[in-house]
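Topology and contacts: notes
The chain contents come next:
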Amino acid sequence: QVQLVESGGGLVQAGGSLRLSCAASGRTFSAYAMGWFRQAPGKEREFVAAINRSGGGTNYADSVKGRFTISRDNVKNTAALQMNSLKPEDTALYYCAARPRWAVSTDPKEYDFWGQGIQVTVSS
């Protein structure tokens, strides 16, 4: 089992940047592929980005490609999501998630552990 805690959210103007962090505790962090998802009010949870266990493989939703970057540090047991050129449509509750597999997945049902979520609000 792994516990996940997100930080770094907040309010930013369109065009600005935020960096979300996900701190993991519990079992070996490097045993998990990591993902970021988001959920806006009235919408389903959607995939944002994912990274494999080593950090050598990543995947992004088309809506964030070129603007967001996912990374991980297996020594510090953290994952991060650097978000640049933010748009009002990026406003959502952002979650980090872990799955005990090598490869990434875009399906939230394939992730076993979730953080509590952190709010990101982008004003126009």
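See the structure above.
Residues numbered from 1 in each chain as written. Predicted model: local features only at pLDDT ≥ 70, side-chain atom pairs only at ≥ 80, totals over all residues. Heavy atoms only, no water.

Sheet analysis places strand β1 (residues 2-7) next to strand β3 (residues 18-26), joined by 6 bridges and oriented antiparallel. Bridge pairing in β3 places L4 opposite A24. Of the strand pairs in this sheet, β3 and strand β8 (residues 78-83) are connected by 6 bridges, and their pairing is antiparallel. Counted as the bridge partner of L18 is M83 from β8. (Pairing = 2+ DSSP bridges. Helix = DSSP H or I, 4+ residues; strand = E, 2+ residues; numbered from the N terminus.)

L4, M34, L81, M83 and Y94 are the most contacted members of the largest nonpolar core, which totals 37 residues. Among the secondary structure elements, those contributing two or more residues to this core are β1, β3, β4 (33-39), β5 (46-51), β7 (68-73), β8, β9 (92-99) and β11 (118-123). For Y94, the contacting residues outside a window of four places in its chain are E6, L20, F37, R38, V48, F68, L81, M83, G117, I118 and V120. (Core = buried A, V, L, I, M, F, W, Y, C linked by side-chain atoms within 4.5 Å. Buried < 20%, exposed > 50% of the residue type's maximum accessible area, 1.4 Å probe, protein only. Contact = heavy atoms within 4.5 Å.)

Quick look at unusual backbone geometry now. The backbone of N77 shows a phi angle near 60°, a positive value even though the residue is not glycine. Exposure remark for N77: the relative accessible area of 27% places this residue in the partly exposed category.

Once that is clear, we can look at the pattern of salt bridges. The final tally for this structure, using the stated rule, is 6 salt bridges. Note that R38 and D90 form a salt bridge whose closest N and O atoms lie 2.9 Å from each other. Of this pair, R38 sits in strand β4 while D90 sits in the loop between β8 and β9, and the two are 52 residues apart along the sequence. The class of D90 is buried, set by a relative accessible area of 1%. (Salt bridge = Lys/Arg side-chain N within 4 Å of Asp/Glu carboxyl O.)

Position of V75 among the secondary structure elements: in the loop between β7 and β8. Remark: the alpha-carbon pair of V75 and G8, spanning 67 residues in sequence, is separated by 20 Å.

This paragraph deals with the side chain of R99. With respect to the helices and strands, the residue R99 is situated in strand β9. On the basis of relative accessible area, R99 is assigned to the buried category, the value being 9%. The contacts of R99, once residues within four sequence positions are left out, are A31, Y32, A33, V104, S105, E110, Y111 and D112.

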